[in-house]
Amino acid sequence: MNIFEELKERGLVFQTTDEEALVKALTEGQVSYYTGYDPTADSLHLGHLVAILTSRRLQLAGHKPYALVGGATGLIGDPSFKDVERSLQTKETVDSWVVKIQNQLSRFLDFDNGDNKAVMVNNYDWFGQISFIDFLRDVGKYFTVNAMMSKESVKKRIETGISYTEFAYQIMQGYDFYELNDKYNVTLQIGGSDQWGNMTAGTELLRRKADKTGHVMTVPLITDSTGKKFGKSEGNAVWLDADKTSPYEMYQFWLNVMDDDAVRFLKIFTFLSLEEIADIEKEFNAARHERLAQKILAREMVTLVHGEEAYKEALNITEQLFVGNIKNLSAKELKQGLNNVPNYAVQADDNLNIVEILVAAKISPSKRQAREDVQNGAIYLNGERIQDLNYTLSETDKIDDELTVIRRGKKKYFVLDFR
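The rules we used
- Residues numbered from 1 in each chain as written.
- Predicted model: local features only at pLDDT ≥ 70, side-chain atom pairs only at ≥ 80, totals over all residues.
- Heavy atoms only, no water.
- Core = buried A, V, L, I, M, F, W, Y, C linked by side-chain atoms within 4.5 Å.
- Buried < 20%, exposed > 50% of the residue type's maximum accessible area, 1.4 Å probe, protein only.
- Helix = DSSP H or I, 4+ residues; strand = E, 2+ residues; numbered from the N terminus.
- Contact = heavy atoms within 4.5 Å.
- 1 Å grid on protein atoms, 1.4 Å probe; cavity = no way out; pocket = protein on both sides within 12 Å on 5 of 7 lines; lining within 4 Å.
- Points joined across faces, edges and corners; volume = space filled by probe spheres on them.
- Nonpolar A, V, L, I, M, F, W, Y, C, P; charged D, E, K, R; others polar.
- Pairing = 2+ DSSP bridges.
- Axes fitted to C-alpha atoms, helices over the stretch in contact; angles between N-to-C directions.
- Salt bridge = Lys/Arg side-chain N within 4 Å of Asp/Glu carboxyl O.

### Looking at the nonpolar core
Counting residues in hydrophobic clusters, the biggest one holds 74 residues, and the most contacted among them are Leu49, Trp254 and Phe269. Looking at which element gives the most residues to this core, the answer is helix H15 (residues 292–306), with seven residues. If we ignore the near neighbours within four places in the chain, the residues touching Trp254 are Leu46, Phe230, Phe265, Phe269, Gln294, Leu297, Ala298 and Met301. Ranked by size, the runner-up nonpolar core spans 26 residues in total, among them Ala72, Phe143, Tyr175 and Tyr178.

### Comments concerning the layout of surface pockets
When its volume is computed, the second largest pocket comes out at roughly 1000 Å³. Forming the walls of the second largest pocket are 41 residues, and the residues nearest its centre are His45, His48, Arg86, Asp194 and Gln195. Looking at the lining of the second largest pocket residue by residue, the class counts come to 17 nonpolar, 16 polar and eight charged.

### Observations concerning the sheet that holds strand E2 (residues 32–37)
One open sheet accounts for six strands, arranged E1-E6-E5-E2-E3-E4; its pairing is mixed. Every interior strand has two partners, whereas the edge strands, strand E1 (15–16) and strand E4 (119–122), have only one. Where E1 meets strand E6 (residues 215–219), two bridges bridge the pair, whose relative direction is antiparallel. Across the sheet, the residue bridging to Thr16 is Met217, located in E6. Strand contacts of helix H10 (residues 169–184): E2, strand E3 (64–69), E4, strand E5 (188–192) and E6, with the helix running at about 145° to E2, the strand carrying the most contacts.

### What about the pattern of salt bridges?
Counted by the stated rule, this structure contains 21 salt bridges. The closest approach of N and O atoms between Lys8 and Glu19, which form a salt bridge, is 3.3 Å. One end of the pair, Lys8, is in helix H1 (residues 3–9); the other, Glu19, is in helix H2 (residues 19–28), and eleven residues separate them in sequence. Taking the relative accessible area as the measure of exposure, Lys8 reaches 44% and is therefore partly exposed. Overall, the relative accessible area of 34% leaves Glu19 in the partly exposed class. Glu28 is paired through a salt bridge with Lys24; the nearest N and O atoms lie 3.0 Å apart. Pair noted here: Glu28 and Lys24 are both in helix H2, with a separation of four residues, about one helical turn. With relative accessibility at 47%, the residue Lys24 sits in the partly exposed group. Connected via shared salt-bridge partners are Glu204, Arg207 and Arg208.

Dropping the structure here:
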């Protein structure tokens with residue numbers, strides 16, 4: 001199976017320009033290719049991983065990747081399938097985001113070894129040197145307004161209004177392909193299926209301005225089996241930055257994917273062989289309630305993004321919280337595992353009697369209910385049941401001298417922060 005066949009088998013090919021010509025190029029020699037990432041935030045998220053890992057697969061097959069972080073296009077904003085105009089960021093902000101995204105990409109591509117080692121590029125390096133007049137004369141003349149307006153990515157925005165700034169974005173992305181071809185002989189661009197219009201702008205510019213042929217391959221935008229856009233957790237992106245989405249939170253995201261998606265995601269996101277995944281699928285289908293595919297998916301992805309130690313920590317937090325062994329976890333681990341639970345900052349003058357603190361922290365709605373909760377055995381302090389109405393929290397109840405965990409009932413956790 002050649003690399004293109006494997007990509008198709010994994011569900012990673014959505015659309016290509018000339019498939020026969022692309023397959024020929026990929027099987028007959030080394031292809032230089034690029035994927036672009038605009039710095040629209042200070043981190044990439046799981047939605048970017050499909051293109052990133054596809055790029056890595058091509059590199060492992062011997063082809064040469066160029067990772068373009070758009071310091072120039074990030075200042076403009078891509079209108080593709082956006083309902084409203086993006087807010088423009090300052091150059092200082094975009095520059096700082098460029099550095100962070102470059103650092104993230106360096107985890108996934110090999111920038112150090114072999115004749116196909118990856119190269120990092122920033123399109124501000126060429127856009128920052130070209131004048132507006134030269135750009136209009138040397139690039140703009142190859143684009144017709146009719147063709148630009150016909151792109152699906154901007155059609156609906158034409159009706160509601162689009163600035164010339166965002167309208168011109170596709171010309172900039174097209175010029176990226178031209179520059180990379182001219183400087184590095186890049187002949188293939190990879191991106192999400194929503195970028196098809198911007199990407200083919202590049203092949204058109206190559207053909208018209210340089211009489212050369214370029215290839216485009218899009219990867220699908222991933223949705224779960226209900227049609228929900230992939231990479232969103234309760235409305236929030238799952239980030240690749242551990243400070244924005246902890247390894248534990250990422251572990252939980254993968255662990256909780258639906259059964260109908262688990263094997264498909266193993267093919268798309270992991271580097272397990274298709275043969276290994278087929279074996280996992282058989283065992284998984286025989287006992288889906290054991291969630292084997294999800295556990296392997298979570299292991300592979302957290303290890304890939306954050307490293308083996310982060311995976312082990314996420315697994316330990318999951319296992320200890322499941323059985324209620326709070327004291328077996330450090331304050332650092334508990335902050336990951338209980339990041340989204342209600343938090344109460346204990347004040348110096350707070351009465352630390354169990355009933356009083358339950359009311360102050362709004363764990364129980366009233367003193368009467370707090371007393372009932374304690375007496376009925378519904379309150380756990382760091383995993384241990386408390387039924388003494390006179391119990392008063394002390395230094396020994398603070399984990400790492402920072403926090404105490406209270407559980408009300410079976411699943412309702414609360415954190416008391418003593419810092």
